[in-house]
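For reference, the chains in residue letters:
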Amino acid sequence: MEYTYYPGCSLHSVNKQYDKSCKAVFEKLDIKLNELEDWNCCGATFYMSVDEITSLSIAARNLALAEKSKNDLMAPCSSCFTVLSKTNRFLRRHEELHKNINSILQSIGLEYNLSVRVRHPLDILVNDVGFELIRMKVKHPLTGLRIANYYGCQIVRPEKGFDDRENPVTMDKLFEMLDADSVYFPVKVKCCGAMSMITAEDVALKLIYEILNTAIENDADLIVTTCPLCQMNLEAYQDKVNKKFQTNLRIPIYYFTQVLGVALGIDDEKLGINNNFYISEKLREISRAPMLTTIYDGPTDELKRRQIK
Amino acid sequence: MNNDSIKIGVYICHCGVNISQTVDVERVAERVKRNPLVVVSRTYKFMCSDPGQELIRKDIQELGLNRVVVAACSPQMHELTFRNNCERAGLNRYLLQIANIREQCSWVHDDIELATIKATSLVNAAIKRVAKQIPLTPLKAKINPDTLIIGGGIAGIQAALDIAESGRNVYLVEKESTIGGQMAKFDKTFPTLDCAACILTPKMVSVSHRKNIKLLTLSEVEDVRGYIGNFKVKIRKKSRYVIEKCTSCGECAKVCPVKVPNAFDHFLKDRTAIHKLFPQAIPNTYVIDKQERPPCIETCPIRQEAAGYIALIREGRFEAAAKLIRNRNPLAIVCGRICYHPCETACNRGFVDKPLAIQQLKRFAMDWALKNNGINEPPEISEEKDIKVAIIGSGPAGLVCAFDLRLKGYKVTVFEQHSVIGGMLAVGIPEYRLPKSLLNMEIEMMKKMGVDFKVNSKFGEDFTIDTLTKDGYKAIFLAIGAHKGIKMDIPGEELDGVITGVEFLRKVNLGIKQYIGKHVAVIGGGNTAIDAARTAIRLGAEKVSILYRRSKMEMPASPEEIKDAEDEGVLISYLTAPVEVIGKNGKVTHLKCIRMQLGEPDSSGRRRPIPVPDSEYIVEFDQVIVAISQTPDLSCIQHNSNYRLNISKYGTLEVNSDTLQTNVPFIFAGGDVVLGPATVIAAMGMGRRAAESIDKYLNNEPLINYKTHMPAREIIRAESFKPHSYAKTYSEIEKIERVEIPKRDPSIRKFDFKEVDIGLSEKEAIYEASRCLNCGVCVECLECVKVCEPGAINHNMKDEVVEVDVGQIIVSTGYNLFDASLLYQYGYGKLENIYNSLEFERILNSTGPTGGKILLKNGKEPRAIGIIHCVGSRDQNFNKYCSRVCCMYAMKFAHLIKDRTSAEVYQFYIDMRAYGKGYEEFYSRILNEGVNVIRGKVAEVVQREITNGESILVIKCEDTLIGKYREVPVDMVILCNAIEPSTDTAKLGRLLGISRSPDGFFLERHPKLDPFSTPNDGIYIAGCAQGPKDIPDTVAQASGAAAKVLSLISKGEIEIDPIIAKVNEELCSGCRICNILCPYNAIEFIEEKKVSFVNDALCKGCGTCVAACPAGAITGQGFTDEQIYSEIEGLLEI
């Protein structure tokens, strides 16, 4: 299996851990990632509301470049994923628009014929790679780890994608397969505030507070996310939240590829875990435990018993 | 038809201005007058009015019209009116044609010019057509005055009572075990707050008392044929297992050991297998919930009720368990020790973790009985019969046959060649597996019953078949077993020290001294080889080796036995076989063996052992025990010259596999003599079957319809199933460790012949019995039968299919609730203390799970309750319609909560629908009681922990009246689920051939003017089957449907429109294409004439056959080709 890799701006700057851990995980699973040559910024979510044609052209340029290989395009950042997916959808539905954008692309010698599939690594891991293959490579089962799976709002919305819009379970099932407990987390698709942290801080802090509080109330050891913006929002402003709400909340925020990487036996350095603000002691213990010498059997019955309770 | 005689009158309606506004009706009337056949052409403002009608009648009478065309609104509106009008004037009603110039012309066009031209074409078409029409006579069908009502809720009950009141007969069919429907579950009803049971039960009791209402509960309609006035309906009455004698005393439920969740209480409370759904059930008798029979009972060759005694052991009722076992099994103590337990292999618990240790439980029960009661008394014998039966052989087959026949009262004599009784049980199985003292106790019981045993009597020597018949024995059961050991057929076998396994064991069991070597070889891999090996160890052999020619996987001995042997020091060598016995001075000294390898499978399915060339080797042995299988010794049978019994190619006796009769009618056979060396329980099963066969034979009954069980039924199992319909699936059930079977220490036990198994303790037995899943719910422990004084329980009842003839059918199958777990934002099924409306009704009801108290799961009283309206109703994603009753019952809940608790109540609504009599006043009342009503759709319900660690629910919603987002903390949430058509609606619709509207409810003929009838004549609908409604509306609709039914019965016969198909027999080629195509199954094929025939009453005139007939042999009356072509001509002329 091979995929074209589109890191996007944030994975190459502030959120390098996501890039590192994503690449490390797929390497461990023997899947080749070819970084898209000469990619450009996707325009991020907001540009589309400002200038549709320009933003679609910028995004379509990446798709045109990606079309050169026959592989699917993997976009780990949720915003990039949404922008590229939306671009695909708009161009597929509106022929006029497609012609328009293509004429713009032609001026730089490119053309886009709508054949690229934009995928999120979570979707690829669960649906393409599959649990069996991952299970074969597990070295540290995550037994006893309590995880709050935070999907954010962009990877399952607005249109129906690879999971349910109100109650997605892909990540929950992935970590349950690794014998972790996915805790009750009703705010799993509630917005983290996104850019409004900059423009309307009060609103964003309230949203962040609710997510952090729910995770802690349900005894989660850490929150896993799929989006660099969510990760930053939830991680970087915990002090501000505490100050505003007079609370004492503290919880580590990891990328799902980092936690998966630990389970696959990749060391912390390669996963960029040292770049996280808050380290989960429990996860560190698990990563330091001796690696499995036999093939991992799958989640224990203990897990079922823990869940039934 | 002679054109000159046609006189057509054309009448064009203005329809007020509906038509004349767009169509110039005068011009049309003028234009069509040109047709020579048109005698008069008029217009009028309202043709359908009285003067309009009279106009036509006058013209018919005065001008001698014989055809009429009316150009007006759709025929659906007034065709009937105009037809009746023609008839009144003396003209055949089918000589009329309607041209629809309203719905199909004036209402859909704007351009007057074009509309007028179109109207002219339409009228012209009608004129040309009507000229070709001929008079038709409607058919008459008689109406059977009996009525069938499907569904026994309040609608069905009301309709039944109304019809019965008139003196007519009603069949009321209900699929549950009681009538009452959903209403029986309610506590109070709105707006009067009457108790539901108080207003419903008197009606239910009336139904049961009326002689002309035949109540069929636990019944379902299986097939419906026929047409209005003449329906033939097949109804399946499922077995109740309790007959009418039941006085409803309830003693049976007190002793039933099985509990399952009660569907009537919506699974909030348990009930026993024998139960009544609720105290006021009608019929007021109990019912036994028996689903697919447990595999342990079904696989047992003697049909021992394993699940039954396991359930009793679990409850600590050991004496009852032992009695249950003993009732069916004279060798219960023996089986508890040595049976090969096919029940355990079949046990469904094996799909969860490990099968139950059923044999150990049986042993425990019998041991307990021995210790506490002494020997069980034998069961009672029915009346004595003066008929003698001989049983030859006292092995397990013979003993069970003797037991069963003796119970039936026959005079039974068992002949046994040895001095000890028991066959292989006595002379084959070693003492450490089956203490002979225990076997003798069972035999003593049989002697007590009156079975006569004659020992030291050898068949063929001491008695023959001739002597038996001379002595007056009327039937013989031959069960002499397979006691002859098979020889290896290798050189040296006749040396001293070589002995067969069976002979070796027999000598030990009979106490005959024999030679025991120091190094003993046992050849073979079955239980006999293991028995011989372990016996040799106990008798002092230093080294005992089993030599088996295949590998461990193919070894036929049971794994437990193999392990026991190895624990005691027996050595087992695989893939080796002897080729020569080597001796000195006539005694064994060595064995020459050869290595084997596994080749292709043989006829038994096991891989064939093939000698490995040049692999011989020699081992020192001073005794060789040959245990490679046995065969029956049939030499004794040859002594009977008058009776030649057929022998199979395997050396066994041939019998009919069902009846167990040999080729001689009065001689039956079973056990190892027929099967070859098999198992004890299989032999017992054959003995039981033979007893039933012999009983039938001696009563001159045909040898068919057996009740006994042999061979045991094949069980089809699939992992996705559950043990019964209220249980979780096997993969979801929690795993529990199987009990460990205690045995004596091997290092000690190998020196004596005392029993190796110790047996379970009381605690261990109850623990193991608790793992039983109660497959099929009722476990046939028969405790209920014991306590039922009127003797109303019959576990052998079978389903009955009855056929009834009725004239009309009312469908009142009610509703089910929308499954709220589909709206996962509301947490139903995931979070605690969230209930749907029927569940909450049960909580409110004093016969429900909390006795009428409103409590949380943890037993505390709720401080605040939220009621959410429109769950699954008024929802684009689920049901678009409004369920009509939820606002009112939500208010009812609010009031009752306020009445019984001090909780705060919040109601989340979209609109408050309080439209009925007394409803608005009820709304004001609850507002005054301080119920908080919040107008806004609820987004989600989540769980939160509050400061002291307890969990509460939070309802997130918008309050549109104050324009704010709110989070309301509550302890309990009640959902108002949408009312959906009941689950059988689709199936029933197909059976009856009635349609449903897009929302799934049955379709009425007209939503305003006729909500009771369906487009199918003779079938009516009432209650929630037609659409959601409250109780007053349901009762009204039910009475309305009853009125319709009675009016037709009163008429006595009905007219059927003759617009039907007719087959011209001369043209019909008999291809039968029409037979298959007819959607109403109305076409039959007449074999003698080889033509098809249309049943007048069933044909609905759809025209499919007319179009399909390749020979053009079918005409649609009133729609002939000629008529249709003329109509088309008329359209195209203008």
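Each value, and the rule that gives it
- Residues numbered from 1 in each chain as written.
- Chains lettered and ligands numbered in written order.
- Predicted model: local features only at pLDDT ≥ 70, side-chain atom pairs only at ≥ 80, totals over all residues.
- Heavy atoms only, no water.
- Salt bridge = Lys/Arg side-chain N within 4 Å of Asp/Glu carboxyl O.
- Helix = DSSP H or I, 4+ residues; strand = E, 2+ residues; numbered from the N terminus.
- Buried < 20%, exposed > 50% of the residue type's maximum accessible area, 1.4 Å probe, protein only.
- Pairing = 2+ DSSP bridges.
- Axes fitted to C-alpha atoms, helices over the stretch in contact; angles between N-to-C directions.
- Contact = heavy atoms within 4.5 Å.
- Polar contact = N/O pair within 3.5 Å; in protein donor to acceptor, adjacent residues only side chain to side chain.
- Nonpolar A, V, L, I, M, F, W, Y, C, P; charged D, E, K, R; others polar.
- Phe/Tyr/Trp six-rings, centres within 6.5 Å; stacked < 30°, edge-to-face > 60°.
- pLDDT = per-residue confidence, 0-100.
- Core = buried A, V, L, I, M, F, W, Y, C linked by side-chain atoms within 4.5 Å.
- Parallel < 35°, antiparallel > 145°, perpendicular 65-115°, else oblique.
- Left-handed = near helix turned anticlockwise from the far one by under 90°.

> Tell me what's going on with the pattern of salt bridges, and back it up with residues and numbers.
Oppositely charged side chains can pair when the atoms bearing their charge come close. As enumerated under the stated definition, the model contains 96 salt bridges over all chains in all. Taking the shortest distance from any N to any O, the salt bridge between Arg 250 of chain A and Asp 239 of chain A comes out at 3.0 Å. With Arg 250 of chain A in the loop between α13 (238-245) and β8 (253-255) and Asp 239 of chain A in helix α13, the pair connects residues that are eleven residues apart, well separated along the chain. Residue classification places Arg 250 of chain A among the partly exposed residues on the basis of a relative accessible area of 41%. We note a salt bridge from Lys 507 of chain B to Glu 503 of chain B, for which the minimum N-O separation is 3.3 Å. One end of the pair is Lys 507 of chain B and the other is Glu 503 of chain B, both in helix α19 (residues 501-509) and four residues apart, which spans about a single turn. Accessibility expressed as a relative area gives 25% for Lys 507 of chain B, which makes it partly exposed.

> Provide a residue-level description of the sheet that holds strand β45 (residues 1019-1021) of chain B, including the pertinent values.
Residues and elements named next belong to chain B. Taken in spatial order, the five strands make up an open sheet running β10-β7-β6-β34-β45, and their pairing is parallel. A strand with exactly one partner marks an edge of an open sheet, and here the two such strands are β10 (213-216) and β45. Adjacent strand axes in the sheet meet at a mean angle of 20 degrees when their direction is disregarded. In this structure, strand β6 (residues 147-150) lies alongside strand β7 (residues 170-173), joined through four bridges in parallel fashion. Along β7, the bridge assignment pairs Leu 148 with Tyr 171.

> Just give me the short version of the interface of chain B and chain A, but keep the residues and values in it.
Interface extent is often summarised as the accessible area lost during association of the parts. Listed by partner, the interface residues are 13 residues for chain B and ten residues for chain A. The partner of Glu 210 of chain A in a salt bridge is Arg 944 of chain B, and the shortest N-O contact between them spans 3.5 Å. At the boundary of chain B and chain A, one finds five residue pairs in polar contact (both at pLDDT 80 or more). Here the element with the most residues in the side of chain B that touches chain A is strand β40 (residues 938-945) of chain B; it accounts for six residues. Taken together, the residues of the side of chain B that touches chain A sort by class into four nonpolar, three polar and six charged.

> Before we move on, can you summarise the packing of aromatic side chains with the specific residues and values?
Residues and elements named next belong to chain B. In total, this model carries 22 aromatic pairs over all chains according to the counting rule given. Taken together, a centroid distance of 6.3 Å and an interplanar angle of 50 degrees make the contact between Phe 267 and Tyr 726 tilted. With a gap of 459 residues between them, Phe 267 in the loop between β13 (259-261) and β14 (270-272) and Tyr 726 in the loop between α23 (680-698) and α24 (746-749) connect regions that are remote in the sequence. A relative accessible area of 22% places Tyr 726 in the partly exposed class.

> Could you give me a rundown of the pairing of strand β27 (residues 587-601) of chain B, with the residues and numbers involved?
Residues and elements named next belong to chain B. Where strand β26 (residues 576-584) and β27 come together, eight bridges link them in antiparallel fashion. For Glu 580, the partnering residue across the bridge sits in β27 and is Lys 592. As consecutive antiparallel partners, β26 and β27 are separated by two residues, and within that stretch Asn 585 has a phi angle of approximately 55 degrees, a positive value. Bridge count between β27 and strand β29 (residues 617-620): four bridges; the pairing is antiparallel.

> An account of the confidence of the model for chain B is needed here, citing residue identities and associated values.
Averaged over all residues, the pLDDT of chain B equals 92, while 98% of them reach at least 70. Interface confidence in the predicted complex, given as ipTM, is 0.76; pTM for the same model is 0.81.

> Quick one: what's the story with the side chain of Ser 41 of chain B, residue by residue and with numbers?
Residues and elements named next belong to chain B. Residue position: Ser 41 is located in strand β2 (residues 38-44). We classify Ser 41 as buried; its relative accessible area is 11%. Engagement of the side chain of Ser 41 in a polar contact is seen with the backbone oxygen of Ala 29, the distance being 2.8 Å. Residues in contact with Ser 41, not counting those within four places in the same chain, are Val 10, Ala 29, Val 32 and Lys 33.

> Tell me about the nonpolar core, residues and numbers included.
Membership of the largest hydrophobic core comes to 79 residues, with the highest contact counts inside it found for Ile 810, Phe 840, Ile 867 and Ile 897 of chain B. It is helix α28 (residues 886-900) of chain B that provides the largest number of residues to this core, a total of ten residues. Beyond its immediate sequence surroundings of up to four residues, Ile 897 of chain B is in contact with Phe 840, Ile 854, Ile 865, Ile 867, Ala 903, Val 905 and Ile 974 of chain B. Of all hydrophobic cores here, the second largest spans 76 residues; its members include Val 118, Leu 125, Val 126 and Phe 162 of chain A.

> How would you explain helix α7 (residues 121-129) of chain A if you had to name every residue and give the values?
All names here are of chain A. With seven of nine residues buried, α7 lies mostly within the body of the structure. Turning to α7, its buried residues are Pro 121, Leu 122, Asp 123, Ile 124, Leu 125, Val 126 and Val 129. Just downstream of α7, Gly 130 is the residue with a positive phi angle, here 90 degrees.

> Tell me what's going on with the packing of helix α10 (residues 306-314) of chain B against helix α25 (residues 762-769) of chain B, and back it up with residues and numbers.
All names here are of chain B. One can describe the packing of α10 onto α25 by two numbers: an axis separation of 8 Å at closest approach and a directional angle of 125 degrees. With respect to α25, the element α10 is oriented oblique. In the crossing of α10 with α25, the sense of the turn from one axis to the other is left-handed. From α10, Ile 310, Ile 313 and Arg 314 reach across to α25, where they touch Ala 765, Ile 766 and Ala 769. Each residue belonging to the contact of α10 with α25 can be placed in one class, and the counts come to five nonpolar, no polar and one charged.

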